[in-house]
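If you want the building blocks of each chain, they are given just below.
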Amino acid sequence: METPGSQSSLHRANLERVVRAVRLAGSLTQAEIARTTGLSAATVSNIVRELKDGGTVEVTPTSAGGRRARSVSLSGDAGIVIGVDFGHAHLRVAIGNLAHQVLAEEAEPLDVDASASQGFDRAERLVNRLIEDTGVSRAKVAGVGLGVPGPIDVESGTLGSTAILPGWSGTKPAEELRERLGVPVHVDNDANLGALGELVWGSGRGVRDLAYIKVASGVGAGLVINGKIYRGPGGTAGEIGHITLDESGPVCRCGNRGCLETFTAARYVLPLLQSSHGTDLTMEGVVRLARAGDPGCRRVVADVGRHIGSGVANLCNLLNPSRIVLGGDLAEAGELVLGPIRESVGRYAIPSAGRQLSILPGALGGRAEVLGALALALSEMGDSTLLDGTLSAAEPAFT
């Protein structure tokens, strides 16, 4: 038994700090581990050697600042995590290892009118198929990250009202999937997971404060503050789509008038083009036509960008993020939408906040949310199993 404050408990705590730092980052040099954890270079060197001897981490030669260095990552066979993303018209599943390598990924269409139980049945089948295809042991599954297009109550885990999957309101997605897969499941909304995905793998790398704006059937924002997702006490932080732009504007599904969503979401924007482009047009199609020079689509995309910019300016004034990442189909419009966003931010944001802000398209496209689900599973898993394996494989060298 370890006594608090004893040499063994201090050693265990240092092991946990190093393993967690590497697990969250994917890979770090030993110097980066020392900076991240606050441990001395000698302590980090000893711990990395112990973890390597125990098979928990892998060490590979690399370079940093023009000098030779050693990159540390968790062992590829130390365990796996699973990401599941339910979108407004798709189901996407990915399997990754603890070294942040994606081993398998697949997406399939999802009928948004299907019941929740049917959706989870399909997710279970797809997860099982990918596990079988990759040949990994189910015993290696450390956890599952799950994304849904709606607000999740932090305390109860219940999915709130959503117009995207209306038949799912009141369900407990993490509990539903946990019963089917028999492993821990952590759930969050799609905007938060998009933010996590871009933070770890995409356009958010290297920053600690950002907002990921997703414009699709609805409009949401995933907020990262000091490197962590901010959800708020009720789990509804980031509902940027319900900022009021015009008190006499269209009635929103939330009951208010003139919300940002009523000027930017697909179901409000597409009818503007139906008389000239027909009823089968999608936001993906609007973006494609805009890029090809269609004047009507270019005007609509620019107008949407200006409205989004107004919401982003409010975020800048309140939270002062260093980066905005635009996700969803609209991000493919590039400068056709980013330019108007920057124009509105320049007009409405406090100058000091606007000057420090960079606005970028997401780098991950439609994969942002499922990769964010992998990142969620990685961030929520405990280190006990990894450390127990290490401590049983090697004698601890107290540091």
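Residues numbered from 1 in each chain as written. Predicted model: local features only at pLDDT ≥ 70, side-chain atom pairs only at ≥ 80, totals over all residues. Heavy atoms only, no water.

1. Quick word on the overall build of the protein chain
Now for step 1: A count of helices and strands for the protein chain gives 15 helices and 13 strands.
Now for step 2: On C-alpha atoms alone, the protein chain measures out to a radius of gyration of 23 Å, which is about the 21 Å that the 2.2 N^0.38 rule sets for 399 residues.
Now for step 3: Here the C-alpha coordinates of the protein chain stretch approximately 75 × 50 × 40 Å along the principal axes.
Now for step 4: Residue burial in the protein chain is summarised as follows: out of 399 residues, 50% are buried.
Now for step 5: Accessible area for the protein chain stands at about 17,900 Å²; split by element, carbon and sulfur atoms hold 48% of it.
Now for step 6: Positive and negative charge centroids in the protein chain, built from 37 and 43 side chains respectively, lie 7 Å apart. (Helix = DSSP H or I, 4+ residues; strand = E, 2+ residues; numbered from the N terminus. Rg over C-alpha atoms; globule rule 2.2 N^0.38 Å. Buried < 20%, exposed > 50% of the residue type's maximum accessible area, 1.4 Å probe, protein only. Areas by Shrake-Rupley, 256 points an atom, 1.4 Å probe, with all protein chains shown as cover. Lys, Arg positive; Asp, Glu negative; His and termini not counted. Charge placed at Lys NZ, Arg CZ, Asp CG, Glu CD.)

2. Structural notes on unusual backbone geometry
Now for step 1: Of note, His100 is a non-glycine position whose phi angle comes to about 65°, a positive value.
Now for step 2: Positive phi values are uncommon outside glycine, yet Asn226 reaches one of about 55°.
Now for step 3: Mapping Asn226 onto the fold places it in the loop between strand 10 (219–225) and strand 11 (228–230).

3. Some remarks on the environment of Asp246
Now for step 1: Checked against the element boundaries, Asp246 lands in the loop between strand 11 and helix 7 (261–264).
Now for step 2: Judged by its relative accessible area of 30%, Asp246 falls in the partly exposed class.
Now for step 3: Sequence separation between Asp246 and Arg67 is 179 residues; the distance between their C-alpha atoms is 56 Å.
Now for step 4: Each residue touching Asp246, except ones within four places of it in the same chain, is listed here: Arg257, Gly258 and Phe263. (Contact = heavy atoms within 4.5 Å.)

4. With respect to the confidence of the model for the protein chain
Now for step 1: The pLDDT averaged across the protein chain works out to 88; a share of 92% of its residues lies at or above 70.
Now for step 2: Ignoring residues within four places in sequence, the model shows residues 389–399, a span with pLDDT below 50, making 23 contacts including any to other chains. (pLDDT = per-residue confidence, 0-100.)

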